[in-house]
Structures are given as structure tokens and as C-alpha cells.
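Working through the structure, step by step
Below are the chains, spelled out letter by letter.
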Amino acid sequence: MNLQTGAKVGVFICKCGANINSVVDCENVKSYASQLPGVTLSICNDYLCSPDGLMQMREEIRKSNITSVVVAACTPRICEKIFRDNIEKAGLNRNMLHVANIREQCSWVHANEPFKATEKAKNLVKMGVSRAKTLVPAEGVDVELKQEVLVIGGGVAGVEAAYKLAELGFKVHLVEKKPMLGGNMATMFTCLLWCHEAPGKPQSLNFRFGTFPACDCSGCTIMPKLNDVITHPNINILLLSEVKEIIGHVGNFKVKVLKKPRFVDEKKCVGCGNCAVVCPVVKKNEYDYGLSERKAIFMPYQQAIPRKYVIDKEACLRLNGQECSACVEACEFEAPNFEDREQEINLEVGAIIVATGFEPYKPRIHGYLGYHEYDNVITIMELERMLDKAGPTGGIVIRPSDGKIPKKIAFIQCVGSRNRKINAGYCSKVCCMYTMKNAQAIKEVHPDTDITVYYIDIRAVGKGVEEFFHRTREDYGVEYTRGRPARIIEDKETKNLIVRAEETLLNKITERMYDLVVLSVSLVPSEGTQELASMLRLRTSPDGFIQEAHTRMKPVETSMEGIFVCGCAQGPKDVPESMAQARAAALEVAVLLSKKVAKAESLNAFIETDKCIGCGLCVDICPYGAPTPVLTESGVKMKITEALCKGCGTCVVSCPAKAIHARQFTDDQIFSEIKAALEAE
């Protein structure tokens, strides 16, 4: 076993106020540690990670010429970097540190057994001291940081992050798979201006219900930002594009983007729509959730940005070998371009922001809530499109079965969420509020409508939201019924819907009839999230969203250095929270890239090339993609990219030739801990 010559170990024990000290007898641990071989000093501090605690640590290291340090405190996930930085400031190599976790592993899990918790803490410190004497200094490699950023997703979060970075002077590549920017927010309904004189409609009513709780117009809110983005000189917008491959590491990611053809020259198209008028092909408009029709050449919706038409390759007659030139003949600007082809675009960026947003849950359980079985069961997103003045019904809520205005409407909450039977135990956070917003909007347009909301409980959190809830009930007269419906049954003759539910406040099963049922569906990860996560080697949470590095301390960082997440790609959230997170992600990227050069941690693995047999098992098993095969004079050997390696040791234990070693998890170091744990007192 290789030990430091003349090792002088300093043991620093954090009481963490009462967090550790109320269970673990820290003074007892300090006294015990001072008697261990090789320990030069042992001290306790109330809050070791505080400025005073860190300063004391630096002073003691310098004063006693400490060569390696053991910190007994909380989890290394939170505190390790702080203490590595601190011992470096004291003049030690940052690798000469070992952290013994006496909070989560002692005081928290043995809260009712203080004696055993203290004994366990002593053992962890003893093992740490033994290991500390085997530590060796190491230096990380310098990584040059490219000053360009990739943002994946053109919704409200991606657009905001891209704009902030562009304003800071970074070149940003904004990739969006749809033909327009804005994401789901851009499809929410906008200002309603009623000037109709038809019976049952207000004569003149101007109000907004785009977003809650202020009811700002979605279009008026997001359009100025979208215009800023598409005209910004530092932003390269790639619509109809998808990321196909990403390799590399923080500071130097190499990205392949596949840009699909629009078949319309964006520079020539003025959005007049003459081409769509003459196009003979009619299809359901997916942007209106099938409530309207579109042509093969189309603009997704009237407010789309950019206002450019696109040709549906699958639907276009000409692109499928048939004779048709209707759009070409109708366009005086010669915008249709059937020679347009897919392009592969290669980018090199220093950092990546994932902002892929969400999709509304699609109810699929047959025989339950009747979606896709009964005409008059719709989702909240379909209602949003109906309420859009420029939407499929011109802002009027109708029954799909007969086009009549419904007099009794039921909203059903938590469809697709808070339901473990479908592996969706999470709360989507926004459903209670968007139901309130839409209920208010319906009452504004059709004041005589009876609206009932079936709910489990109301989760109205945020500034002004509680007041929004009370306004919905008291000012608009919306009835709230506590209970989850068990089933919806259709009256075959009238197409009305009977909602059978257990109303828990009445303690009985009821059946009520409605003209229309609206399912307040949950938010689920957008299509392709899992594939993108695999490509980027990111973790996902059990609900399928991208997992942040730390819930509280690193909410926009991911498990991969240089890759950040924001908006609903990380989990359900409202617009203000998405905007705040987008700005946080942009700030983290700016802080990272402003350094120009970053130093990778040296806690990585390395390969003894002579022993490597080139089997490639480490390549297959590494979760970070650090090992890669290289051709040498003696054949194929593996090479570790230090900037990618996290020192997890997976490759070390898998190597059949024992050619790979973890720099700070050598056999000597691990056996030193085992020996210390097993030896008698």
C-alpha cells in the first residue's frame, strides 16, 4: 500500500448546528479522531461551510502544515466542491480531501440511536483518515470553451434563454422541430374582441384570457419576444430541425442537426395564403387538435412566427408523384420550392440548453372518461383552440356533435396526473389554474352557462392565484365539486354526457348530466425526450422529465457538465417559472463560457495502455461516454477523455485486463478504508 511519507492529516468535524450535533456527539468524535495514527489536528466547528468555518480551516491547514484533510459533514453532493476549493486556497492540492458523510449516514438515519450514530461516525472518520494517507495530488486538464451555445426547443423557455445569451454577446443556435416558434404558449387563445350580433353572443366585448392569473393575452405576451429573437443578429434559428448526434464534452460539443425541407422559400413567402386557397388537398389541422382543416401547403395558425407557409411532404400531391402545380401558379412571388432538400448542419458549441417543453396528456383508457369515444368529451387544449378568436370556431365554445353552444359544462381535473395506475403520480401544477382561466372565459362569453369543476383538491399556488380561485367561484359562480368521476356515459340520442362520481363532501355517488365535458389533462414530457436524454447521457426522473443535478442547489444543471435544462423539459411549471428558469440557465451558461478556459476535475480514470486489450467493454458501460477506441501501433486501445470522466469507477470494475484505474479510487485507497473498518480497536 502506498502511503504518503510523513502524512499529516487534519480532521474537521461539522456540527451543522443541531442537525448533526443533536444526535452525533461531535466532541466525542473529535477526541477519538485526535488519537488516530497520522492525525495532526482534530477540530469541531458549528458551521464548517460558513465563511468563518472555511477561514478557520484554511488557517489551521497552513499553521499545522497539513498534507491531507478529512471533513466529517454532510453529503459530498452538496459540500465537496466547497471544501476542495477551500483547501486549494490554503495551498493544498484539491485532491487531498476526503469527505465522511456523518449527516445523512449517521444523524439522519440513526436519529433515535445517538450512541450508535456516534460510533458509526467514528468509524467513518477512521476510514477516512486511513484513506487520506493514501491520497496523491493530481491536476485537471484545461478545457477551451467555445463561445457558441445550442438551445434545443423554441418554446417560451428556449426563446427566453436564447435571447438572453444573444444579448450577452454569445452566438446561439436555436433548434426547433416545428415550422414556427412559440411552443404551446403560442397556441393558447388570445385577445377576444366580440362584435357579433348573432343571438347568444355579446354585442361588444373586449377581454383577454390567455394566461393566468393576470389573464394576459398569450399572443401579446410572447409575440414581441419572438420578433426580437427572429431578428437578433446573434441567433441562428433552425426550424423544422432535430438534433441527430451530439458528441464531445463541456466547452466543445460537436452537434449534427438535420434540417427538414420546408418546400417554401422563406425569403420569398409573404404569408398571403393564396397558395393554400387553391391547394386541392384537405387534412385535419393538428395545431387545432383536429377541430379544423388545413391544406397540404399551410400555416399552422394565423399568429405563427415566422409567418411562412410550409408544405406537408406526406400530403402534397406533387411530392408524391402526382400532377399538381396549383400553389406554384397561385404564388406571384414564386415561393414554393419543390427542389428543397434535407440538410445536415454541423455545429460546434461550448454549452447546451435543453428546453424541449411538454405535450398535453392524451387520455387513452377505453371506457373511462370517454375521450375519442364520445364526441362531446374534449381536452382543455381543444377548448383553448375553440376560445381563440382566430381558432377553429372563431372563439365560440361548441359541442362537436352538433355545433350547438353548451349550457352545462363539466371540467374534470387531474386527468393523466396524480394517478399511479398509469405511472403518473406527479402533479402537473398548472391544471387547477388553467381550468379557472377557461371557466372564467366561458362565463364571459356565455354568462348563462352552468360550469362544474370536479376536483381532488385545489392546488392554487403563486402570486395572485388564491385570489384568482376565489374570483372564479364567487364572481363567476363556477361550482366546485370534490370527487373524481368514476365514469362518463353518453346518452345515445342527445349526445349528452352523464358524469358518475363520488362526491366526497356529500358522501354519496351522484350522476349529473352535461352538454360538454372538458378533461383538464396533465403535462407530459414532449415526444423524443427520452431519446434526446439518451443521446446527451442525461438522467430522467421517474415521470420521464429531464432530471436536474440537484433539486435545490443545482435546479438547471444536469448530470453532464455544460448541459443545462429549463422550462417544462425539467417538469411541469407555469410561464413565469419557465421564464425564470430559462434566465437562470442562460446565466449559468454565461458564467461558464465567460471563463474561456475551464479546468476539469482530476477525479478521473486513466488507462494503462500496455495492459489494455481493446475489448471496448468500458465504452459500452460508461454512462458519460468518456472511453473511446483509438488505433495505435499495437492495435486498438481505449482512451479516456478526461473532461467527460466523472470518476464513477464503472469502467474500472468492468475491465477484464485490470488496465483502468480511478485516480482517487485506487485499490490501495479502497482497501485502506476496508482495513480500517475491520481492524479491532
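As the structure is a computational prediction, the values presented were derived from the model and not from experiment. (Residues numbered from 1 in each chain as written. Predicted model: local features only at pLDDT ≥ 70, side-chain atom pairs only at ≥ 80, totals over all residues. Heavy atoms only, no water.)

1. Comments concerning the packing of helix 7 (residues 156–167) against helix 15 (residues 575–593)
Between helix 7 and helix 15, whose axes approach to 8 Å, the crossing angle comes to 35°. At the point where helix 7 passes helix 15, the crossing takes the right-handed sense. Touching Val156, Ala157, Glu160, Ala161, Lys164 and Leu165 of helix 7 are Val575, Ser578, Met579, Ala582, Arg583, Ala586, Val589 and Ala590, all from helix 15. Class assignment of the residues belonging to the contact of helix 7 with helix 15 gives a composition of 10 nonpolar, 1 polar and 3 charged. (Axes fitted to C-alpha atoms, helices over the stretch in contact; angles between N-to-C directions. Helix = DSSP H or I, 4+ residues; strand = E, 2+ residues; numbered from the N terminus. Left-handed = near helix turned anticlockwise from the far one by under 90°. Contact = heavy atoms within 4.5 Å. Nonpolar A, V, L, I, M, F, W, Y, C, P; charged D, E, K, R; others polar.)

2. Considering unusual backbone geometry
Cis geometry is adopted by the peptide bond preceding Pro306, which originates at Ile305 and carries an omega value of 0°. In this fold, Pro306 is placed in the loop between strand 15 (297–298) and strand 16 (310–311). A positive phi angle is found at Cys414, which is not glycine, with a value near 60°. In this fold, Cys414 is placed in strand 21 (residues 408–415). Overall, the relative accessible area of 10% leaves Cys414 in the buried class. Despite not being glycine, Lys495 has its phi angle at roughly 70°, a positive value. Tracing the backbone shows Lys495 in the loop between strand 24 (485–490) and strand 25 (497–503). With relative accessibility at 29%, the residue Lys495 sits in the partly exposed group. (Buried < 20%, exposed > 50% of the residue type's maximum accessible area, 1.4 Å probe, protein only.)

3. Quick notes on the sheet that holds strand 1 (residues 9–14)
With respect to topology, 4 strands assemble into an open sheet ordered 2-1-3-4, the strand pairing being parallel. In this open sheet, the two strands that pair with only one neighbour each are strand 2 (39–45) and strand 4 (97–101). The sheet shows a mean angle of 15° between the axes of neighbouring strands, direction not considered. Sheet topology places strand 1 next to strand 2; 6 bridges connect them, and they run parallel. Paired with Gly10 across the two strands is Leu41, which belongs to strand 2. (Pairing = 2+ DSSP bridges.)

4. Description of the nonpolar core
Within the largest apolar cluster, 55 residues are counted, with the highest numbers of intra-cluster contacts made by Leu383, Phe411, Ile488, Val517 and Leu519. Top element by residues in this core is helix 12 (residues 431–445). It accounts for 8 residues. Among residues more than four places away in sequence, those in contact with Leu383 are Ile378, Val397, Phe411, Asn438, Ile442 and Val518. Core analysis: the second largest hydrophobic core is formed by 49 residues, Cys26, Leu54, Val71 and Phe83 among them. (Core = buried A, V, L, I, M, F, W, Y, C linked by side-chain atoms within 4.5 Å.)

5. Details of helix 14 (residues 529–536)
When helix 14 is considered as a whole, its buried residues turn out to be Thr529, Leu532, Ala533 and Leu536. The buried side chains of helix 14 occupy one side of the element, clustering within an arc of 100° when seen end-on. Check the buried side of helix 14 and you find it contacts strand 6 (148–152), strand 11 (241–249), strand 18 (351–354), strand 28 (523–525) and strand 29 (563–565). Positive phi shows up at Arg537, right after helix 14, with a value of about 60°. (Arc of directions from axis to C-beta.)

6. Here we look at the side chain of Arg131
Relative to the elements of secondary structure, Arg131 occurs in helix 6 (residues 114–132). Take Arg131: its relative accessible area is 4%, and that puts it in the buried class. Dropping the residues within four chain positions of it, Arg131 is found in contact with His98, Gln664, Phe665, Gln669, Ile670, Ser672 and Glu673.

7. Side note on the packing of aromatic side chains
Counted according to the given criterion, the structure contains 6 aromatic pairs. Taking the centre distance of 6.5 Å and the plane angle of 65° together, the rings of Tyr287 and Tyr301 count as edge-to-face. Taken together, the residues span a long stretch of sequence, with Tyr287 in the loop between strand 13 (282–284) and strand 14 (293–295) and Tyr301 in the loop between strand 15 and strand 16 at a distance of 14 residues. Centroid distance Tyr426 to Phe545: 5.7 Å. Interplanar angle 85°. Geometry classified as edge-to-face. Here the residue Tyr426 occupies a position in the loop between strand 21 and helix 12, and Phe545 occupies one in the loop between helix 14 and strand 29, the gap between them amounting to 119 residues. Note on Tyr426: relative accessible area 14%, which makes it buried. Its end group placed over the ring of Phe665, Arg131 keeps NZ or CZ at 4.5 Å from the ring centre. Sitting above the plane of the Phe298 ring, Arg294 keeps its charged end 4.0 Å from the centroid. (Phe/Tyr/Trp six-rings, centres within 6.5 Å; stacked < 30°, edge-to-face > 60°. Lys NZ or Arg CZ within 6 Å of the ring centre and 35° of its normal.)

8. What to know about the confidence of the model for the chain
With 94% of its residues at a pLDDT of 70 or more, the chain has an overall mean of 90. A low-confidence stretch, residues 191–207 (pLDDT under 50), is modelled with 40 contacts involving residues beyond four sequence positions or located in other chains. (pLDDT = per-residue confidence, 0-100.)

9. A word on a nonpolar patch on the surface
A cluster of nonpolar residues, Phe665, Ile670, Phe671, Ile674 and Leu678, forms a patch on the protein surface that exposes about 510 Å² of accessible area. Relative to the elements of secondary structure, Ile674 occurs in helix 18 (residues 667–678). Here Ile674 falls in the partly exposed class, since its relative accessible area comes to 39%. (Patch = residues over 30% accessible without salt bridge, like charges linked within 9 Å, V, L, I, M, F, W, Y side chains within 5 Å. Areas by Shrake-Rupley, 256 points an atom, 1.4 Å probe, with all protein chains shown as cover. Salt bridge = Lys/Arg side-chain N within 4 Å of Asp/Glu carboxyl O.)

10. As for a positive patch on the surface
Together, Arg77, Arg539, Arg552 and Lys554 make up a positively charged patch on the protein surface. Take Arg552: it is sitting in the loop between helix 14 and strand 29. (Lys, Arg positive; Asp, Glu negative; His and termini not counted. Charge placed at Lys NZ, Arg CZ, Asp CG, Glu CD.)

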